[in-house]
Amino acid sequence: MKKLLAIASAFASLTMLVPADIQAPPGSTYTSTRKLGRALSNILYGVIEIPEQVVRKTDSYGRKAGFSYGVVDGTSRSLRRLGYGFYELFTFTCPTYRGTFKPPYESCGQDNRIEMNVHDGLSEFPPELGFETYFRHTRSQKY
């Protein structure tokens, strides 16, 4: 009995020293509802890629490239978003990308507003136009 008690107390004292990982796993924020929301936003707002790419290409390469290459690239990205949107809409209940609900397209690089590769990567959600802000503070005048 003393041997069993000694083993139990040693086991209990050792398990108290082991820290547990209480954080959520990395994929816990990607759920089926987020995948459904991503699908709907890609279908509804993917068209915003066209004016967004016109502005980006104009800033990078000039007006002529913005209104030619920007329109073509924006249309391509918009159609890709539409395809991904319908794909994710029909499969939102299934973890399809490597056993998770993460987006199937890769995003890399960093823009000041959204994480994306400017030339060919897609961010998780479509870009927002300039009327929405990413900052909590405002410039208001007090009288």
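For the structure given in this document, a descriptive report is provided here. (Residues numbered from 1 in each chain as written. Predicted model: local features only at pLDDT ≥ 70, side-chain atom pairs only at ≥ 80, totals over all residues. Heavy atoms only, no water.)

**A short note on helix α2 (residues 32-45)**
And then number 1: Between its first and last C-alpha atoms α2 spans 19 Å; for 14 residues at 1.5 Å apiece the expected length is 20 Å, and the two agree.
And then number 2: Every buried residue belonging to α2 is among Lys-35, Arg-38, Ala-39, Ser-41 and Asn-42, and all of these are buried. (Helix = DSSP H or I, 4+ residues; strand = E, 2+ residues; numbered from the N terminus. Expected span 1.5 Å × (residues − 1). Buried < 20%, exposed > 50% of the residue type's maximum accessible area, 1.4 Å probe, protein only.)

**Regarding the pattern of salt bridges**
And then number 1: If you walk through the whole model with that rule in mind, you get five salt bridges.
And then number 2: The partner of Arg-38 in a salt bridge is Glu-88, with the nearest N and O atoms 3.1 Å apart. Here the residue Arg-38 occupies a position in helix α2, and Glu-88 occupies one in helix α4 (residues 63-90), the gap between them amounting to 50 residues. The two residues Arg-38 and Glu-88 agree in class, both being buried.
And then number 3: Between Asp-73 and Lys-57 there is a salt bridge, and its shortest N-O distance comes to 3.3 Å. Of this pair, Asp-73 sits in helix α4 while Lys-57 sits in helix α3 (residues 49-61), and the two are 16 residues apart along the sequence.
And then number 4: In this structure Lys-57 comes out as buried when scored by relative accessible area, which is 1%. (Salt bridge = Lys/Arg side-chain N within 4 Å of Asp/Glu carboxyl O.)

**Notes on α4**
And then number 1: Over its 28 residues, α4 runs 39 Å from end to end, which matches the ideal 40 Å to within 8%, given 1.5 Å per residue.
And then number 2: The largest bend in α4 amounts to roughly 35° and is located at Gly-70.
And then number 3: Residues of α4 that are buried include every one of Gly-66, Gly-70, Asp-73, Gly-74, Arg-77, Ser-78, Arg-81, Gly-85 and Glu-88, and no others.
And then number 4: Summarising the contacts, the buried residues of α4 are in contact with α2 and α3. (Bend = angle between axes of the 7 residues up to and from the residue. Contact = heavy atoms within 4.5 Å.)

**Some thoughts on the packing of α3 against α4**
And then number 1: Two numbers describe how α3 lies on α4: the axes approach to 7 Å, and their chain directions differ by 145°. In terms of crossing hand, the pair formed by α3 and α4 is right-handed.
And then number 2: For the contact of α3 with α4, a count of residues per class yields seven nonpolar, seven polar and six charged. (Axes fitted to C-alpha atoms, helices over the stretch in contact; angles between N-to-C directions. Left-handed = near helix turned anticlockwise from the far one by under 90°. Nonpolar A, V, L, I, M, F, W, Y, C, P; charged D, E, K, R; others polar.)

Any functional reading would require information that these geometric values do not contain.
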